[in-house]
Structures are given as C-alpha cells and as structure tokens.
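# Structural overview
The lines below spell out each chain.
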Amino acid sequence: MIVIDAGSPTPPYEQLRAQLARQIQDRSLAVGTRLPTIRRLAADLGLAVNTVGRAYRELEEAGLIETRGRAGSFVSAAGEPALEQARRAARDYAAFIASVGIDHTEAIRIVEAALAATGSPGTAR
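Let me sum up the structure you'll find in this document. Only a predicted model underlies this, so the values are computations on that prediction, with no experimental measurement involved.

Across soluble globular proteins, you tend to see nonpolar side chains buried next to one another. The biggest cluster of nonpolar side chains holds 17 residues, and the ones touching the most others in it are Leu16, Leu20, Val52 and Tyr56. Within the residue set of this core, elements represented by two or more residues are helix H1 (12-25), helix H2 (38-45) and helix H3 (49-61). Excluding residues within four positions of it along the chain, tyrosine 56 makes contact with Leu20, Leu35, Pro36, Thr37, Ile38, Leu41, Ile65 and Ser73.

Structure follows, in structure tokens:
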C-alpha cells in the first residue's frame, strides 16, 4: 500500500518512488508484477499524472521496473539473472498450462510437487 503524506517536506514523486523501490527490494512486489498504469495510480493517490510518471521513470532508470510499451510497467528482475530466468520459465509454464487446459489450482500443485521433489528451500518434503 502506498501512502503519500501531503505535509511531508519530501516531494510526492520521491515518496512514491521510495515506497515502490522498497516493496520491490523486499519482494513485496514480485518480479513480473504488473504495476498500475500511471493514470490509474495518479487517480488512486490523488496525484498529478506527471508526478507518478516521474517516479516510474526514476524506477526504470534504476532498473527496478521495465516498461513494455502498451503492455504496461512491470517489476523487473533488477539485475538478478536467476529471477529473470525464473520469471520467463513461469510465463512459459503458464502458457503451456493454458494451452492444455489444466486449471490454475492443479498447475500450482504440480509446481509445488516439483519443488518438493528437488528439496527447494521453503517447500515441504
């Protein structure tokens, strides 16, 4: 959740940029997460479109988000090749699951079973 303090000496774009950066770095916003459009976020927060645009530009310059044209802005892997590879693999897996008609719940069970079989951290065995 983003909170802009109108009484703060910190400019609103910097408050927004810092809060989004923190959420990306602590993984509250996962790699590949689609961010709200600039216009929608500006409306939600009661900010000018240019204010949100500046925050997004600075996050993009820092490598924390990437803009994919009309598709929108997404949390990037921020220079972490393993996370970027995982995001691509997840996208490919999701496309395959959709193409063969497996429902989301079963698809997630399949992934959890595969992770458990490899002994990945955070999975039950």
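Right, let's get into unusual backbone geometry. At arginine 27, a position not held by glycine, the phi torsion is positive, near 70°. Mapped onto the elements of the fold, arginine 27 is located in the loop between H1 and H2.

Between its first and last C-alpha, H3 extends 18 Å over 13 residues, near the 18 Å set by a 1.5 Å rise per residue. The set of residues buried in H3 consists of Val52, Gly53, Ala55, Tyr56 and Leu59. The buried residues of H3 occupy an angular sector of 160° when the element is viewed end-on, so they sit on one face. Exposed side of H3, more than 90 degrees from the buried face: Asn50 and Glu61 are the residues found there.

Here is what the cut-offs are and how they apply
Residues numbered from 1 in each chain as written. Predicted model: local features only at pLDDT ≥ 70, side-chain atom pairs only at ≥ 80, totals over all residues. Heavy atoms only, no water. Core = buried A, V, L, I, M, F, W, Y, C linked by side-chain atoms within 4.5 Å. Buried < 20%, exposed > 50% of the residue type's maximum accessible area, 1.4 Å probe, protein only. Helix = DSSP H or I, 4+ residues; strand = E, 2+ residues; numbered from the N terminus. Contact = heavy atoms within 4.5 Å. Expected span 1.5 Å × (residues − 1). Arc of directions from axis to C-beta.

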